[in-house]
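# Geometric and topological summary
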Amino acid sequence: MSSITAGSHAHEHESSATHASFISTYVFSRDHKIIGLQFLFSTLLWFFVGGLLALGIRWQLAYPWTNMPIIGKMLFPGEGGQISPEFYTTLFTMHATVMIFFVIIPILAGAFGNYLIPLMIGADDMAFPTLNMLSYWFMWPAFFLIGASFFTAPYGAGGGWTSYPPLSVVNEAAPGSASAQTLWLLGITFVGISSMMGSVNYMTTIIQMRAPGMTMFRLPLTIWGMFITAILQAFALPVLTAAGFMQVMDRLLGTGFFLPEGLIVNNSIPASGGGQPLLWQHLFWFYSHPAVYIMILPAMGMVSDIISCFARKPIFGYKPMVYSISGIAGLGFIVWGHHMFVSGMNPVLGMTFMVSTMMIALPSAVKVFNWLGTIWGGKIEFTTPMLFSLSFVSMFIIGGLSGIFMAATPVDIFIHDTYFIVAHFHYVLFGGTAMAVFGAIYFWYPKMFGRMMNEQLGKVHFFLTFIFLNGTFFTMHVLGAVGFPRRLADPYHYDTFQHLMPMNRFMTWCAIGMVATQVIFAFNFISSLFFGKPVGRNPWGCNSLEWSAPSPPGHGNFDFQPVVYRGPYEYGHPDATKNHYPQIEPPPENPTEVPEH
Amino acid sequence: MGRFWSLLFLAVPVLGVGVFAAAMMTDSWPLHNHWLPRDVSEKGYVIDNLFNTILYLTGVIFVGTSLALFWFLWKYDGEKNLGPVRFLHGSHTLEVVWSIIPAATLLFIAIYQMNAWADAKIDRPGTRLAGADGRMNTEDDLVEFQLPIAQVTGRQFEWRIRYAGRDGVVGTSDDVHTVNDLHLPVDEEVVLQIKSDDVLHSFFLPNCRLKQDVVPGMKQMVWFKPKEVGSFDIVCAELCGWGHYKMKGRMTIQSRKDFDQWLTDQERIQQESSFALSEEE
Ligand SMILES: [Cu+2]
Ligand SMILES: [Cu+2]
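All figures in this text were calculated on a predicted structure; none of them were measured in a lab. (Residues numbered from 1 in each chain as written. Chains lettered and ligands numbered in written order. Predicted model: local features only at pLDDT ≥ 70, side-chain atom pairs only at ≥ 80, totals over all residues. Heavy atoms only, no water.)

Our next topic: the coordination of the copper ion (ligand 2). Residues and elements named next belong to chain B. At the metal site, the copper ion (ligand 2) is ligated by Cys 236 (SG), Glu 238 (O), Cys 240 (SG) and His 244 (ND1), and these contacts range over 2.1 to 2.8 Å. Coordination at the copper ion (ligand 2) is irregular: its four donor atoms span angles of 83 to 135 degrees at the metal. Glu 238 gets classed as buried once you look at its relative accessible area, which sits at 3%. What makes His 244 buried here is its relative accessible area of 1%. (Donors = N, O, S within 2.8 Å, 3.2 Å for Na, K, Ca; no water. Tetrahedral: all angles 85-135°; square planar, octahedral: opposite > 155°, others 65-115°. Buried < 20%, exposed > 50% of the residue type's maximum accessible area, 1.4 Å probe, protein only.)

This is the structure:
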């Protein structure tokens with residue numbers, strides 16, 4: 001275990017250097033836990049911003065062209081609280097950008113990945129602490145650039161989060177958001193650099209710095225999710241970064257990667273061209289489809305850990321779970337064309353993408369069955385983290401199954417770019433990932449801060465979020481079945497859709513309820529920092545390594561050298577004296593057994 | 001509390017199926033026309049049937065898995081289940097079973113729908129002619145593609161339509177121009193050439209189950225056979241800028257006689273009007 005030795009050298013070296021100042025301990029910290037918390041606080045703030053942006057969209061769809069009370073004045077004072085068509089495009093562009101690039105991706109990999117990886121594998125820190133610090137601070141240029149893009153007068157970036165050219169490249173196509181689109185592209189590039197730094201670090205740490213006895217197949221599924229995600233990022237991100245630069249060059253230097261020869265939009269200068277708008281879509285989705293899994297695999301891992309813990313029972317089918325995570329990731333690279341069935345891509349190619357996309361539903365199904373198998377025959381404790389994790393399973397069933405509709409190419413002809421798609425990815429990303437993230441926060445909060453969050457408030461938060469989320473998103477399937485298109489500031493002047501306003505109003509009020517409910521969460525989160533019940537090392541009775549470290553763990557994480565004797569899911573093991581069997585507890589019959597590695 | 005939470009998860013399949021059933025079957029306020037819009041194209045039912053097939057198939061899986069979730073939560077509530085947990089790590093047989101069954105189902109769906117996709121997007125209508133060998137249905141057959149009846153051009157933020165004039169060819173000086181006003185004869189296979197002048201748009205006919213993005217630099221064909229007369233929406237379904245929401249056209253399906261009459265009228269109006277659109281492109 002030479003890598004462990006190397007790791008602790010780095011630690012000694014570091015602690016002498018960073019002893020003193022507040023700045024180096026809490027601001028430019030190289031401790032993975034502080035960096036994880038920095039990511040957590042930043043992303044939670046952005047989560048709130050993204051939620052308000054969503055309310056702007058919902059308001060316009062419920063009460064088009066009317067003044068939006070309270071939030072309207074906060075979000076867009078320049079508009080006098082009324083949403084203009086230009087501003088509407090900015091709203092949905094920014095809602096998606098913030099939620100995907102500033103919330104989901106960094107909260108999973110940045111916050112939980114950082115906090116949990118070294119603790120769960122028994123390391124004292126990441127392999128590259130400085131790189132880790134940089135991965136957080138490279139988010140700040142992105143925050144500023146996207147923020148600047150939002151506030152650039154007169155309108156922010158409005159090309160959608162997909163930034164499809166020529167709309168996103170030719171300034172004249174979107175008057176008023178010219179520089180905003182460039183700022184947006186640069187912002188996304190910084191997010192990419194940050195994720196890349198994180199991904200290299202996570203891969204190296206998981207491969208090199210596991211504690212003695214921690215074999216790959218003794219890793220908690222959270223770590224497997226993070227590991228596969230890191231690999232996905234490492235392979236997919238360079239493509240997005242390169243494509244982003246190509247688009248910036250098209251915008252600023254007059255190249256024509258994505259513009260056909262001679263294209264004129266609104267009397268713009270004819271494009272020097274020779275390019276292809278579809279090229280961007282291929283490059284973009286080559287990253288952004290794997291990104292869908294970057295946004296859910298770590299959540300699947302965390303949910304597996306939480307469910308096994310509170311079912312007090314081993315995870316059902318550990319290896320099939322690992323293989324299905326890997327299978328999803330592998331197939332994830334050959335399905336991107338399903339976003340392009342009606343884009344003008346060769347329809348014959350659509351058929352191959354349909355088959356690969358259908359097959360990716362298989363590992364997802366295997367995971368659902370294994371979660372059900374895990375709770376079958378258990379002794380379920382309905383704690384707040386468990387409730388959120390169970391709702392992940394329940395909501396992921398809906399989001400996974402609705403995906404089959406759009407994988408079917410002929411059906412996709414009708415539902416592509418309608419609210420059916422919007423329903424689908426909100427079930428996966430909100431019903432799935434966001435609910436898992438809430439569960440994970442309630443679950444690991446005592447480890448992070450040494451205090452419990454309030455369970456009663458947590459359950460109220462869960463109940464209301466669960467009700468409102470289904471009220472908002474389930475009805476979207478029905479809208480989608482009518483063909484109700486996305487991204488329309490006022491769909492009601494179409495005869496086909498004019499009768500859908502009452503249902504949209506219902507959804508909007510559910511969305512308002514959902515955002516308001518998060519105040520309970522914010523209150524609970526903040527007040528528990530000061531008044532929560534103090535806890536010991538292992539308040540939930542869990543097996544994995546982080547629960548044998550102090551709460552919160554000090555610099556260097558463990559006050560002993562962890563040695564691993566078994567996998568993390570041996571709940572209810574006949575040998576164990578308690579209803580859990582920690583990974584570090586030596587087996588009773590042969591306490592001196594040497595762990596294999 | 002375990003009972004309460006189990007019932008909450010039971011509400012998911014109950015209400016989920018309830019909402020879909022109500023949307024499909026109710027035709028009064030507040031749920032009138034809250035399902036697939038009226039289908040007026042001859043092959044539209046193929047897509048609707050596929051949609052429904054997948055709906056029922058996934059519906060069964062949704063209800064089954066959700067009920068299993070509910071039942072396990074109800075039965076294995078830690079407060080009620082006082083025996084030891086089932087200490088097991090999985091089942092090889094079960095993993096194989098629940099891999100093979102979904103895999104076969106998914107593969108079946110994928111193959112089952114390929115013809116529908118080919119009809120909609122690949123097999124452009126045309127007449128098959130014998131090739132050099134003088135026999136039909138051999139490898140050297142030629143296909144004489146049906147010519148488009150009109151060309152539809154998306155631009156910020158309208159649909160420009162030009163009909164082949166008397167010469168039957170689009171793109172000549174006798175073309176008839178309209179904006180956002182597409183007329184088509186009923187009960188005839190129609191081919192439209194669609195393209196874009198500026199950014200991406202998407203030509204979406206909800207009532208014909210037809211959607212195709214239009215891409216600058218590409219010319220594409222779409223085809224369908226209207227089977228009912230009436231007036232329907234043309235929707236732009238791909239973000240094309242601030243005015244995307246108002247890029248609305250109308251499609252009027254009428255009898256061949258009415259259609260010819262309308263086209264002749266348009267031609268006359270165009271010749272008389274001093275605002276006749278000049279040759280563009
Ligand atoms: Cu995808
Ligand atoms: Cu449009």
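Residues and elements named next belong to chain B. When cut into domains, chain B gives domain 1 (2–78 + 91–120) and domain 2 (146–280). Placing a centre on the C-alpha atoms of domain 1 and another on those of domain 2 gives a separation of 37 Å. Between domain 1 and domain 2, the contact holds 12 residues from the first and 13 residues from the second. In total, domain 1 and domain 2 occlude about 1100 Å² of area from one another, counting both sides; carbon and sulfur atoms represent 46% of this. A per-residue breakdown of the area domain 1 buries against domain 2 is headed by Arg 38, Val 40 and Glu 42, which together make up 50% of the total. Remark: the boundary between domain 1 and domain 2 carries four salt bridges. The partner of Asp 39 in a salt bridge is Lys 227, and the shortest N-O contact between them spans 4.0 Å. Where domain 1 touches domain 2, the interface holds nine residue pairs in polar contact (both at pLDDT 80 or more). Within the residue set of the side of domain 1 that touches domain 2, elements represented by two or more residues are helix H2 (44–75) and helix H4 (114–122). No other element matches H2, which puts three residues into the side of domain 1 that touches domain 2. (Domains from an automatic or database assignment. Contact = heavy atoms within 4.5 Å. Buried area = accessible area lost by both parts, 1.4 Å probe. Salt bridge = Lys/Arg side-chain N within 4 Å of Asp/Glu carboxyl O. Polar contact = N/O pair within 3.5 Å; in protein donor to acceptor, adjacent residues only side chain to side chain. Helix = DSSP H or I, 4+ residues; strand = E, 2+ residues; numbered from the N terminus.)

Okay, the packing of helix H11 (residues 297–311) of chain A against helix H13 (residues 347–375) of chain A next. Packed helices, taken two at a time, are described by the angle their axes make and the gap between the axes. Residues and elements named next belong to chain A. With their axes 9 Å apart at the nearest point, H11 and H13 run at an angle of 15 degrees to one another. With respect to each other, H11 and H13 are oriented roughly parallel. Considering how the two elements wind past one another, H11 and H13 form a crossing that is left-handed. Here Met 300, Val 303, Ser 304, Ile 307, Ser 308 and Ala 311 of H11 come into contact with H13, specifically with Lys 367, Trp 371, Thr 374 and Ile 375. (Axes fitted to C-alpha atoms, helices over the stretch in contact; angles between N-to-C directions. Parallel < 35°, antiparallel > 145°, perpendicular 65-115°, else oblique. Left-handed = near helix turned anticlockwise from the far one by under 90°.)

Next up on the list: a nonpolar patch on the surface. A contiguous nonpolar surface patch, about 450 Å² in accessible area, is contributed by Phe22(A), Ile23(A), Tyr26(A) and Phe28(A). Mapped onto the secondary structure, Phe28(A) falls in the loop between helix H2 (22–27) and helix H3 (32–62). (Patch = residues over 30% accessible without salt bridge, like charges linked within 9 Å, V, L, I, M, F, W, Y side chains within 5 Å. Areas by Shrake-Rupley, 256 points an atom, 1.4 Å probe, with all protein chains shown as cover.)

Take the interface of chain B and chain A next. When the parts come together, some accessible area is lost, and that loss is often what is quoted as the size of the interface. Chain B puts 97 residues into the contact, and the matching count from chain A is 109 residues. Counting the surface lost from both chain B and chain A, the interface buries some 8900 Å², and carbon and sulfur atoms represent 76% of this. Sorting the residues of chain B by area buried against chain A places Trp5(B), Trp117(B) and Tyr245(B) first, and these three jointly supply 9% of that buried surface. Across the contact surface, chain B and chain A share two salt bridges. At the junction of chain B with chain A, the criterion picks out 27 residue pairs in polar contact (both at pLDDT 80 or more). For the side of chain B that touches chain A, the secondary structure elements donating two or more residues are helix H1 (2–25), H2, helix H3 (92–112), H4, strand E9 (210–214) and strand E11 (230–236) of chain B. Top contributing element to the side of chain B that touches chain A by residue count: H2(B), with 13 residues. Split into classes, the residues belonging to the side of chain B that touches chain A amount to 60 nonpolar, 23 polar and 14 charged. (Nonpolar A, V, L, I, M, F, W, Y, C, P; charged D, E, K, R; others polar.)

Another point: the sheet that holds strand E4 (residues 158–163) of chain B. Residue and element names in this part refer to chain B. Taken together, five strands build an open sheet; the order of strands is E5-E4-E3-E7-E10 and the sheet is mixed. Single-partner strands in this sheet number two, and they are strand E5 (176–179) and strand E10 (220–224). Here the average twist between neighbouring strands, direction ignored, is 25 degrees. Examined bridge by bridge, strand E7 (residues 190–196) and E10 share five bridges and lie antiparallel to one another. (Pairing = 2+ DSSP bridges.)

Bringing H11(A) into the picture now. Helix length check: H11(A) (15 residues) gives 21 Å between terminal C-alpha atoms against 21 Å at 1.5 Å per residue, within 8%. Extensive coverage of H11(A) is indicated by the burial of 15 of its 15 residues. (Expected span 1.5 Å × (residues − 1).)

Turning next to the pattern of salt bridges. Residue and element names in this part refer to chain A. Under the criterion given, the structure shown has 22 salt bridges over all chains. For Glu 455, the salt bridge is made with Lys 459, and the minimal N-O distance between the two is 3.7 Å. In this pair, Glu 455 and Lys 459 both sit in helix H17 (residues 455–482), four residues apart, roughly one turn of the helix. Take Glu 455: its relative accessible area is 18%, and that puts it in the buried class. In this structure, Arg 537 engages Asp 559 in a salt bridge whose closest nitrogen and oxygen atoms are separated by 2.5 Å. Separated by 22 residues along the polypeptide, Arg 537 in the segment after helix H18 (501–531) and Asp 559 in the segment after H18 bring together distant segments of the chain.

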